[in-house]
Every structure is written in structure tokens, then in C-alpha cells.
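# Descriptive analysis of the structure
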Amino acid sequence: MAGRLLLMWRLLIRGLRQHRTENVLLLVAITAATATLTLGLALNELVTRPYERTQAATAGPDLVVESGLTGPRALDALAPLATLPGVTEHSGPFPLAFLTLTARDTTVRVIVEGRDEAPAAVDRPAVTDGTWIRSGGVVVERTFAEALDVHTGDTVAINGHPLQVTGLAVTAARAVYPQVHWHLPGGNLVEKGGLVWVDQRDITTLASDQRLSYTLNLKLVDPQAGAQVVGRPADDPRFRGWIFRSAGDIAASSGRQNRQAETALMVGSWLLTGLAVVGVAGIVAGRVIARRRRVGLLKAVGAGPGVIAAVHLAEYLVLGLVAAGAGLATGWFAAPLLFRPSPGFIGSVDVNPPLRMVVTATTFALAIAVAATLGPVLRAVATSTVHALADAPTPARRRRWLIWLSRRLPTALLIGVRINARRPHRARLVTMNTLITTTAIAAVLSILAQDDDPLNLGYSQLPDPRNERTLQAMLIVAGVACFLAMLNAIVSTWTAVLETRHPLAVARALGATPTQAGMGMAVAQLLPAVPGVVAGIPVGTGLYLFFDGERYPPASWALTAALGVLLAVALITAIPALAAARRPVADTLRAAAT
């Protein structure tokens, strides 16, 4: 037993040392796959849990109560709620005015909330730029400020009164722009708008003849109780016209701003994971094929199937563990740099990823290594010793009409067709690679083809931030997909070059030029890419229209994207293929003979 373990250890070390280039390529591929999964999980954390982080950072309320009354009557009605059983802390009541704000030539609805300069016990908006309120100044909610392109130091007008923007802030006491629930005092018609804070001493002047409304922020013993802390307000005539917003209600309203982006990232993570697995499978298949002779030698000296499979699997497991750590770190720290769910939230990730994500990423990396390795290794082990030592590829099926057709094909095309006929598994991987990439690109074209419905904010229209975040999410997916596809194409071409060095050398010995041999390798990658591109355009368009949208992208866009993908595949594969074809024929045949 000890001798067998020592043999396996030596074979493992020897395999890692002798095939450094292949090991690096496989390490990069598994790292990319793990980073893609981690990126998807981290982006999901950013999209689905931004409100919780913002609530914790700003001492957000569990319940916000807005009286249906105005003036002193509203203050008198709200005062008893602060001392109800089940209420632990409160802040306010704070005055509210539902006015208009003008920035440059844009006039929009705005909720103006009067606050003190001192921080409140509940709901302390986090200033992300500039300073907190002061007399004559205004602090703008950050999402609203980005929509208006307003920055610290700018001047805006509220109801005709000019105020200087002293800062930008985020809060958990009200949904982010544009879902702030703007309405006239005592009215039930809710409109879209923005939120700003001013000094309490200034709000009466800004409101002019409008009677002030008031809002009260409450912390509860049971945060899930919500409006039930006051009984049954929906059935109580005393609370007719009042607005009760629990933290869950605010989170749900704010979460609708990211719902489309969340769907795009979820579907995109499936595509990217599939693309990464395709890349790993291509490398592993090439490695196992290249080591078929090694399997034959091990079987010839008496190694059993278990030892052979264990030796190969051990290499991939070692590489998988290293790739898991690298991919986990890459995906975790790249997520907040690539995507911000909303400026109205505090979107960040912790320094250390959660344990469940570490376990998931590590299991995923090892599962990729095992799943991609198991099939080829078992096939190699099941191959007879004679065939393994001969290392013969899958013989091409010969048909009379195929022979007739091959005589009339150009040399480069004939070489490419023969390579794919002998390595059909690699051709299928190329098809999947281009299919997934084209699907992501077609989905981006579909969202660009949709009409951009602007937000009606009463006096002006502004772009809908939901569309911007969805497009940003889809561009991230498409960008990562293109990177993985390029990596897969380079690796696939390189491994194909290593596998076909001897057949290409024979073809050159029979009269093919180095250019024809190199172009044949490029054709071998380009031919299976065509069906993937042809299928990817309708699949990507249909996938996007299934979730959202009505309009198809113009045919010219789809045609340009398809030709662009094919051109990229041709360029990526032609360069290394032509470079490899320059190797002298004698050196290649001599290496194959030994």
C-alpha cells in the first residue's frame, strides 16, 4: 500500500512539473469558472441585500408613520405613538413638504424633509459626499442627485428659493428615487419624485402657504410587527389617510429598482458558468488525449484502473484547490467594482467572503475538475493497452460521396474538416462556446433595441434608473462572456495544435504549405463556430424577450454581431495556428517518433 501511494505521489509531482503550460492553462480556466460563480454570488449579495446593509449603517427605522393630518393636529396625533408598548426608540416627528425642485432647466417633484443638525436616534442618513444640513443648504438623496447630475456645491431651487447643495446622503427610512411616494398633503394619489433634507428652520419658508405634514420613525421590539404595533390601522377610522411603511415595505419598494438587473445577473451567471465549464472540459479532454500513451505505459507495467484514475484525478484536484482560492478572491473583490445596485444604497462586500460562499466555490471548482476529468479518464482507462500505446485518434468515417467531395475542397478547408472529423468532441465544445457567447451579445442588443420609457416627474422627464442598471448588468455578463470565450478559443486552438502536430506535419510532407496548414487549423475552429453563432442570435433575443421587452433588434445589428463573433474566432485562432505551422516538419516527425 505504501509503495502504491509513493508511486502515485511521484507520478503526481512528475505530471505537474512536466506539463507546466497545460497546467497553467487548466489553472486559468478553473480559476475563471470559480471566479465567475463567485462573481454571480457576490453580485446577488449586492443586489438582494443592499437595504439591510443601509438600514444597519443608518440606524434605519422598523416602522415609518406619516400622518394624514397636517400642522399641529398631525403633531398631536403622532405623539402618542412614540410611547406605545413595543416601541423602543423613535425620532421625530419631522416636518414634510411636497414641493418642486429645479436643477438647471429640469423641474421635478421633491419631498422636502426638515431635520436637525444633530444626529437623530433613529434614521441617521449617511452622508456620502459633502456635509450634513445647515441653514441655507440642502442635502440631496444620492440616487436623486445622480439622476439630476447634481453635485456638492451646486445650487438648486426649491419652490423658487435657491439653496446650495451641501452634501449627498442615503437613507433607509424611505424608498430610493423615484419610489419616494410623493403626494399632496392629505392626498392618496402617489407620484414619483425625489427626496432632500433641509434645516427645520428653513422648511416653513420653502413650503410657503402649504401646510406641513409630519413623519415619525420608530424602532420596535419586534421588527416584523410593522403597523400591528398600533393595532389594526386599516380598520381604525382614526388612521384614515395615514401611511404606515415597515422596513420590509421600504425594502420591497426599493428592491423593485434592481429586480430586472437581478434577473439579468441570475440568467447571466448560468450562461457564464456553462461557458467556463466548456473551457475546462476542452482543456481536460485535450490533456487526457495527449496522455493516452502514458495510460498505456502504466497499464503495460501493471498499474490497475484504480491507480491510473487516481493519479489523473489527483492532479486535477490539486489544480482545482489552487484555482478555487484564486477564483474566490477574484470574484469576491471584483463584484463591487463592476456593479453598484443603486446609489441609494450602501453597496459593499465584507473583506472576507461568507463561509457558505467559500464552501460553494471550493466545491464547484473541485466538481468541475472531477466532472470534466472523470469521463475522459474512464474512457482512457477502458481503452486497451495496445490502442492506448498507439495513441490513435477516432478514425474518420469514410463515405464515397465524402471522398468525392473532399477531392474538390481547398487544401485548408480539407485539413479543417479532417481535424474535426477526427476530434468531434472538441468541435462540439467550440459550438457551445460560440453559442453561449452569441446568446449574451444578442441579449444586450435586444435591450438596446427597446424604447427607453422615461420617468414622468410632473414637470420634466428623466431616464429610468432601472433600465440603466439592467443594461449595466447585461454588459457585465456580455463582457465576462466575451473574455471567457476568447480564453476558451485560445486554449482550444493551442490544445488542438498540440494534438494535431503529427497529422499536420504529414500533410505538409505531402505538399501542404505552412500557411495552408495554419489556415486549416483556423478553419477547424471556425466551422463549428458557425452553427453556434446562427443559433445564439435567436436564443439570446428570445431569452431577453421572455423576461422583458417587446421589440426585436434590427436585422443589421444581429448580422453585424454574428459576423463580428466569427471574425473574432478566426483572428484568435489563426494567429497561434499559423505560428505553430512554421515549425519544421522534420522536427515534428522526429519528436512523434520518439
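First things first, this report covers the structure right here in the doc. Counting restarts for each chain: residues are numbered from 1 in the order of the written sequence. Totals for whole chains, interfaces and linings use every residue, but because this is a predicted model, local features are given only for residues with pLDDT of at least 70 and side-chain atom pairs only at 80 or more, for both listing and counting. Each side-chain value is worked out from all heavy atoms of the structure, with water and hydrogens disregarded.

### Thoughts on the packing of aromatic side chains
To keep things clear, this is the line we draw: Between rings of Phe, Tyr and Trp, where Trp is taken as its six-membered ring, a pair exists when centres lie within 6.5 Å; planes separated by under 30 degrees are stacked, by over 60 edge-to-face, and by other angles tilted. Here a strand is any run of E in DSSP of at least two residues, a helix any run of H or I of at least four, and the numbering for each starts at the N terminus. Partly exposed residues are those whose accessible area sits between 20% and 50% of the maximum for their type, while under 20% is buried and over 50% is exposed, using a 1.4 Å probe and protein chains only.
This model, assessed by the stated rule, comprises 3 aromatic pairs. Judged by centre distance (6.0 Å) and plane angle (50 degrees), the ring pair of W132 and W197 falls under tilted. Of this pair, W132 sits in the loop between β4 (126-130) and β5 (137-141) while W197 sits in strand β8 (residues 194-199), and the two are 65 residues apart along the sequence. Across the pair, exposure class does not vary: W132 and W197 are buried alike. Ring centres 5.5 Å apart and planes at 35 degrees place the aromatic pair F144 and Y177 in the tilted group.

### Overview of the packing of helix α15 (residues 424-448) against helix α18 (residues 514-547)
Test applied: Angles here are taken between N-to-C directions and fall from 0 to 180 degrees, while the axes themselves are lines fitted to C-alpha atoms, restricted in helices to the stretch in contact. For a crossing to be left-handed, the near helix must be turned anticlockwise from the far one by less than a right angle; the clockwise case is right-handed. Residue type decides the class: Asp, Glu, Lys and Arg count as charged, Ala, Val, Leu, Ile, Met, Phe, Trp, Tyr, Cys and Pro as nonpolar, and the leftover types, Gly among them, as polar.
Running from N to C, α15 and α18 point in directions that differ by 35 degrees, and their axes come no closer than 6 Å. In the crossing of α15 with α18, the sense of the turn from one axis to the other is right-handed. Split into classes, the residues belonging to the contact of α15 with α18 amount to 15 nonpolar, 10 polar and no charged.

### Brief notes about the nonpolar core
Keep this limit in mind: Think of a nonpolar core as a cluster: buried Ala, Val, Leu, Ile, Met, Phe, Trp, Tyr and Cys residues, connected wherever their side-chain atoms sit within 4.5 Å. Here, residues are in contact when the closest pair of their heavy atoms is within 4.5 Å.
Membership of the largest hydrophobic core comes to 45 residues, with the highest contact counts inside it found for M474 and L484. Of all the secondary structure elements, the ones that give two or more residues to this core are α2 (20-48), α8 (259-290), α10 (305-338), α11 (355-382), α15, α16 (465-499) and α18. Non-local contacts of M474, meaning those with residues more than four positions away in its chain, are made with A264, A443, V444, I447 and Y544. By size, the runner-up hydrophobic cluster in this structure holds 42 residues, among which are A103, Y214, L216 and V230.

### Digging into unusual backbone geometry
Positive phi values are uncommon outside glycine, yet A59 reaches one of about 50 degrees. Take A59: it is sitting in the loop between α3 (50-57) and β1 (63-66). Unusually for a residue other than glycine, N159 sits at a positive phi of about 55 degrees. Its location among the elements puts N159 in the loop between β6 (155-158) and β7 (161-170). Given the relative accessible area of 34%, N159 is considered partly exposed.

That's the geometry; what it means functionally is another story.
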